[in-house]
Amino acid sequence: MITREMLFPLAFYQKAKFHGSKGKYNYRIEKYADESDGKIQFILHIWEGPECYDASKKEKEMLKFPFSEEGMGEIVKVLNHLRQ
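A quick note: this is a predicted structure, and the numbers were derived from the prediction, not measured. (Residues numbered from 1 in each chain as written. Predicted model: local features only at pLDDT ≥ 70, side-chain atom pairs only at ≥ 80, totals over all residues. Heavy atoms only, no water.)

Asker: Please clarify how the environment of D37 should be interpreted in this entry.
Answerer: Checked against the element boundaries, D37 lands in the loop between β2 (25-33) and β3 (40-48). On the accessibility criterion, D37 (52% relative accessible area) is exposed. Side-chain polar atoms of D37 contact the backbone nitrogen of K39, separated by 2.9 Å. (Helix = DSSP H or I, 4+ residues; strand = E, 2+ residues; numbered from the N terminus. Buried < 20%, exposed > 50% of the residue type's maximum accessible area, 1.4 Å probe, protein only. Polar contact = N/O pair within 3.5 Å; in protein donor to acceptor, adjacent residues only side chain to side chain.)

Asker: In this structure, what is going on with the nonpolar core? I would like to understand it.
Answerer: It is characteristic of soluble globular proteins that their nonpolar side chains tend to be buried jointly. Ranked by size, the top nonpolar core spans 17 residues in total, and within it L7, Y27, I29 and I75 carry the most contacts. When contributions to this core are tallied by element, the ones reaching two or more residues are β2, β3 and α1 (69-80). The dominant element in this core, judged by the number of residues it contributes, is α1, at four residues. Residue contacts for I75: discarding those within four places in its chain leaves L7, I29, F42, L44 and F65. (Core = buried A, V, L, I, M, F, W, Y, C linked by side-chain atoms within 4.5 Å. Contact = heavy atoms within 4.5 Å.)

Asker: Which parts of the structure should I look at to understand the side chain of H45?
Answerer: Along the polypeptide, H45 turns up in strand β3. A polar contact of 3.0 Å, which involves the side chain of H45, links it to the side chain of E30. Once residues lying within four places of it in the same chain are set aside, the contact partners of H45 are N26, Y27, R28, E30, Y53, E61 and M62.

See below:
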């Protein structure tokens, strides 16, 4: 089970991306500023397999969440619903 504390404070995401895995899935969490409206969001990428983000040829699912504690809570829920 993934907990909020495992995914670092919001300040971490100002300058870095977080990579993790759960079972057969890998994920990456990053901050994203939408160029069209300047809105800052989290982007969660999820893909299957042992390869890292850059090396994986598999299709990656991309989900957007608010850049906030509430958004991070939603990310935790999604990650905990991944099948092992």
